[in-house]
Amino acid sequence: MRSGVDWRLLLFSWIALPAALVGALLVGAVMMAAFGADPINGYRALVQGAFGSSYALGATAVKAAPLLLVAVGICIAFRANVFNIGGEGQIAMGGLASAATALAFPNLPSVILIPLVLLAGAAGGAAWGAIPGAFKAYFNVNEILSTIMLNLVAVQLMNFLLAGPMVDKSAFSTGGLIPETRLLSPNSWLPILVPGTQLHLGVLVAVIVAFAVYFLLWRTSFGFRIRAVGLSIPAATYAGMPVKRTVTLAMTLSGAMCGLAGALLVFGSLSHRLVTDGSLTGFTGSAGFNGIVVALFGGLNPIYAIVSAFLFGGLVVGGNSLQVATGVPSDLVTTLIGLAVVFIVSLEYLRHRARSRALALAHVAPAGAGTPGTPPATLVDGGSA
Amino acid sequence: MNATIPAEPTDRTDAPLLEMRGITKRFAGVVANDGVDFDVQAGEVHSLFGENGAGKSTLMRVLYGFHRPDAGEIRMHGSPVTIGSPADAIRHGIGMIHQHFMLVNTLSVADNVALGLPSSRGPLTDPGRVSERIRELSETYHLRVDPNAVVWQLSVGERQRVEILKALYRNVALLILDEPTAVLTPQEVDDLIAVLRQMAQDGKGLVFISHKVREVLGLSTRITVLRHGHRVGTLPASAATRDILVEMMVGHALAPERAAVATGEALSDAAIVGLTPAAGQAPPAPAVATTPPRLVVRDLTVPGDRGTDAVRGLGLEVRGGEIVGIAGVSGNGQRELAEAISGVRRSTSGSIVLDGTELTGANPARARAVGLGYVPEERTRDGVVADFSVAENLLLVDSTAPAFSRLGFLRGREIRRHCQSLVEAFDIRTPSLDTPTRTLSGGNIQKLIMARELSREPRVLLVAQPTRGIDVAAARYIHERLREQRARGTAVLIVSEDLDEVMSLADRILVMYEGSVIGEARPDASTRAEIGLMMAGIRPDAANAAAAARATT
């Protein structure tokens, strides 16, 4: 009796994401037309700019790598049912820690220095993730608030370090110092994998990490615990799992992924410096927030996140070509990403409703007259018909 | 029994309150209801009796607007009505109390009752007036509920009273109760029956769905028996006996013991309020008195959710090879006791010792490591991760055991082999190991938890509410497994609000009242009445005197 509903559920889960993307692109087309540009032309330029040549593909991959690492970190945290909104701060801390390491040991050979700066980045992010994780686990502090606030702390710390201790004192601009480090040791630069493109080692690292985290979540007992704790704290408690430690570790690991993304942003950049403009997004390019979208778009699965990170990287890179070809501001791409989020959330809502209906029809109907707002919490245990 | 219910409905009109004619409902080829006729007069309790799957609930869901009938007609007060949704049903004055309560756990009783109704003060709420009306209704119907209590703090019995209050507050003409006694203790059942009688006296029509003969006989004005979606017949309660009903239900006469099982009665016939002595079906207890106790609890005090001590200086012992049953009215500290033994809840004083190992203050992982098997009361919330697959839930407590993980990596092949063998050994009905656990029936989820806990070969097995809300076949299976554990020498402690279950399973019964053991009974030497009195807080010596007094009058 549920076959019809199941079919609809299946449809929703398979078409929801492509439909969200198509919906966003359609609305984007209308906006381009409003700017007086030809949408077909615009989108052709966007696709061309993002995926049309080996150079474009390389640029897209380089843009995608930090997004992917953040998304993978978000997957870990969200699977533990912790909402890590602190990717921005964790990226910044990772960038600072890795840059400081490169500044401290400029003469180490590449084979040692590159792994070292990547680990330092991960460690910096991990520390910045462990704090809200432990606060949530042991003191029940809302992680959404604490991670957002730690973002603010991170940006101030970054501004301070790039105004004093870590600033490039050799480069004076008019009246003051530029908030950037000096050129980092070439031994720490991420090597280019394909000549003639920007494709660097960090892209490979990000993809390997994504597979490793997938493996961690579904093939290790630690990942098993993370998922159990994320889905049901009572059941995990009864099963004897160390719930608090697991939540803390999941957030630490999530922060480590974001910190690694920060290291990639420093050592995979064209300038090979840590540069900021006083705001947080100046360094991160909002990767800490866009990574959440990438993770959700990839269904909180690190392997699907590889595809969705590449797609979003392409949107960002192609946006510049779009601007060149049509004169439409590349900010349109930001709007497209926002629209995609709106469509995903809406479709997710419809899917949820279809599922609740399916459960309600199969077991107990939605709350009676008096209680239209009753959450369907009691619907899970199928009664005898 | 029937003397309190008027033989004739009080405000009789020509047309009955409700008439259902020729209701047919099919699901994907299965006929759940086949031309069923059913009617309810104002002022009567009309019971629907039949096995699981006989079509009782389907018929009532048609009436309440969850299902559209494929054929048939519904009339209220003689005029045809179309009920396409629960909202329609409510508009026609129909209320329904489900097995799973429809309450908002984080709101107060008063808020739950008023939810969805227009306020007397327009856009503003009027909590004072709501509470006052609830108090009036509570008093009229002896429904003890504090309007200001928050729902999550309430016991199952109290939550059901809130549901009834909701219906009364909405002034329903017809109230459907779907197996309302399945979750209640004997005392709570008696209270409920009194409330329902009074509602009938006030002229409301009641539909009572049950497969417990004793309750149906004790409460009903009329009884309709369904079998395989057909109406077998309708008869006045005065003309019904247990044997007639059971025969109608199963289609042929049963041997007495089987009849008792089929109707959920582990006890003797027609023990309506439990004043007849038990037949004593419990098997003779093995000679265990000489073995040292495996689980020893001393002077245990455990705080409850509401800040007061739920368990107060409780002591008990369980030996290997015996089943000890804890009986009691819900909310007397049973849940907190089980949680303290399993390590989920901290005790404030006293000790818990398992086979000589101190467990006081241990966490659940340590309790398990020492040899405790634990089946929690809230199986879908605590016993399994509902969104995990069957295999993942079978692994839940063993994910770091060397047999299933090496250096932190899960050993997929060993795990699947282990899970497959458990699914087969415990007859867990699931399409595959990867099926989400939430789609299994309650009985199969309970078998899954039992499989997981028993596969660890526990030395002490603690099972809370072993068969609450699960079907008869699965319940019988679980009872067999518990007896098997006793035969293997495991110390088994069950906590159950189903006195019949405790009496049929346990070698010794400890009755809990207000956080401590008020008395001990043996199922072969005590009656339901004696245990019932203890559950009501009357100490055994006093209980004996009272029982004797009753016997002589």
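Nothing here was measured: the structure is a model prediction, and the numbers come from that model.

Draft legend 1. Structural view of the overall build of chain B. Secondary structure assignment for chain B yields 19 helices and 22 strands. For chain B, the proportion of its 553 residues judged to be buried stands at 58%. Contacts spanning at least 24 positions in sequence make up 67% of the contacts within chain B whose residues lie at least 6 apart.

Draft legend 2. Structural detail: the sheet that holds strand β7 (residues 174-178) of chain B. Residues and elements named next belong to chain B. The six strands are arranged β6-β7-β8-β3-β9-β10 in an open sheet whose pairing can be described as mixed. Taken across any chain shown, the strands that pair with only one partner, and hence form the sheet edges, are β6 (94-97) and β10 (230-236). Each neighbouring strand pair of the sheet contributes to a mean axis angle of 20°, computed without reference to strand direction. When β7 meets strand β8 (residues 205-210), the two strands line up parallel, connected through five bridges. Each residue of the ladder has a partner; that of I176, found in β8, is V207.

Draft legend 3. Region of interest: the nonpolar core. In this structure, L396, L482 and I509 of chain B are the most contacted members of the largest nonpolar core, which totals 147 residues. A total of 15 residues in this core trace back to one element, the largest contributor, which is helix α3 (residues 54-79) of chain A. Apart from the residues lying within four places of it in its own chain, the contact partners of L482 of chain B are I323, M450, L461, V463, P466, V492, I494 and L505 of chain B. Counting 49 residues, the second largest nonpolar core, distinct from the first, contains V151, L165, A167 and M199 of chain B.

Draft legend 4. Helix α10 (residues 243-267) of chain A, seen in detail. The end-to-end C-alpha distance of α10 of chain A is 36 Å, a good match for the 36 Å that 25 residues give at a rise of 1.5 Å each. Here α10 of chain A lies mainly inside the structure; 19 of its 25 residues are buried.

Draft legend 5. Representation of helix α10 (residues 334-342) of chain B within the structure. With respect to burial, α10 of chain B is a largely interior element, eight of its nine residues being buried. Where α10 of chain B is concerned, the buried positions are Q334, E336, L337, A338, E339, A340, I341 and S342 of chain B.

Draft legend 6. Representation of the sheet that holds strand β11 (residues 293-303) of chain B within the structure. Residue and element names in this part refer to chain B. What the four strands build is an open sheet, ordered β12-β11-β14-β15; its pairing is antiparallel. If you trace the sheet from one side to the other, it starts and ends with β12 (309-319) and β15 (357-358), each paired once. Here five bridges tie β11 to strand β14 (residues 349-354), and the two strands are oriented antiparallel to one another. Residue pairing for β14: V296 is matched across the bridge by V353. Here α10 sits on the sheet in contact with β11, β12 and β14, set at roughly 120° to β11.

Draft legend 7. Summary view of the packing of aromatic side chains. All names here are of chain B. On inspection of all chains with the given rule, the structure shows nine aromatic pairs over all chains. Residue placement shows K447 over the ring face of Y477; its charged tip is 5.1 Å from the ring centre. The ring of F426 has R481 sitting right over it, with the charged end atom 4.0 Å from the ring centre.

Draft legend 8. Focus on the packing of helix α5 (residues 110-139) of chain A against helix α6 (residues 143-163) of chain A. All names here are of chain A. Direction vectors running N to C along α5 and α6 enclose 150°, while the axes themselves pass 10 Å from each other. The orientation of α5 relative to α6 falls into the category roughly antiparallel. At the point where α5 passes α6, the crossing takes the right-handed sense. Note on element contacts: α6 touches α5 through E143, S146, T147, L150, V153 and A154, opposite W128, I131, P132 and K136.

Draft legend 9. Structural context of the confidence of the model for chain B. Residues and elements named next belong to chain B. Taken as a whole, chain B shows an average pLDDT of 83; of its residues, 85% reach a score of 70 or greater. Ignoring residues within four places in sequence, the model shows residues 1-12, a span with pLDDT below 50, making 20 contacts including any to other chains. Low pLDDT, under 50, characterises residues 253-287; the stretch is placed with 62 contacts to residues that sit more than four places away or in other chains. Confidence estimates for the predicted assembly give a pTM of 0.70 and an ipTM of 0.81.

Draft legend 10. Structural context of the environment of P458 of chain B. Residues and elements named next belong to chain B. Locating P458 in the fold gives a position in the loop between α15 (442-454) and β19 (460-464). Assessed through its relative accessible area of 9%, P458 is described here as buried. For P458 and V492, which are 34 residues apart along the polypeptide, the C-alpha to C-alpha distance reads 9.6 Å. When near neighbours in sequence (up to four residues on either side) are disregarded, P458 contacts G371, L372, G373, E453 and T490.

Draft legend 11. The arrangement of a nonpolar patch on the surface in detail. On the surface, a cluster of nonpolar side chains totalling about 480 Å² of accessible area is made up of I131, F135, Y138, F139 and V141 of chain A. When you line up the elements, Y138 of chain A lands in helix α5.

Draft legend 12. The pairing of β6 of chain B, seen in detail. Residues and elements named next belong to chain B. Residue alternation in β6 divides its side chains into two sets, I94 and M96 and G95 and I97, and both sets are buried. As judged from the four bridges shared by β6 and β7, these two strands associate in the parallel manner. Residue M96 lies in a different strand from β7, and its bridge partner there is I176.

Draft legend 13. Region of the structure containing the pattern of salt bridges. Residue and element names in this part refer to chain B. Tallied over the entire structure, the rule returns 34 salt bridges over all chains. The partner of E136 in a salt bridge is R133, with the nearest N and O atoms 3.2 Å apart. Separated by three residues within a single helix, E136 and R133 lie in helix α4 (residues 127-141), roughly one turn from each other. Accessibility expressed as a relative area gives 38% for E136, which makes it partly exposed. When its relative accessible area of 34% is taken as the criterion, R133 is described as partly exposed. E453 is the partner of R368 in a salt bridge, and the nearest nitrogen-oxygen pair spans 2.8 Å.

Rules and cut-offs
- Residues numbered from 1 in each chain as written.
- Chains lettered and ligands numbered in written order.
- Predicted model: local features only at pLDDT ≥ 70, side-chain atom pairs only at ≥ 80, totals over all residues.
- Heavy atoms only, no water.
- Helix = DSSP H or I, 4+ residues; strand = E, 2+ residues; numbered from the N terminus.
- Buried < 20%, exposed > 50% of the residue type's maximum accessible area, 1.4 Å probe, protein only.
- Contact = heavy atoms within 4.5 Å.
- Pairing = 2+ DSSP bridges.
- Axes fitted to C-alpha atoms, helices over the stretch in contact; angles between N-to-C directions.
- Core = buried A, V, L, I, M, F, W, Y, C linked by side-chain atoms within 4.5 Å.
- Expected span 1.5 Å × (residues − 1).
- Phe/Tyr/Trp six-rings, centres within 6.5 Å; stacked < 30°, edge-to-face > 60°.
- Lys NZ or Arg CZ within 6 Å of the ring centre and 35° of its normal.
- Parallel < 35°, antiparallel > 145°, perpendicular 65-115°, else oblique.
- Left-handed = near helix turned anticlockwise from the far one by under 90°.
- pLDDT = per-residue confidence, 0-100.
- Patch = residues over 30% accessible without salt bridge, like charges linked within 9 Å, V, L, I, M, F, W, Y side chains within 5 Å.
- Areas by Shrake-Rupley, 256 points an atom, 1.4 Å probe, with all protein chains shown as cover.
- Salt bridge = Lys/Arg side-chain N within 4 Å of Asp/Glu carboxyl O.

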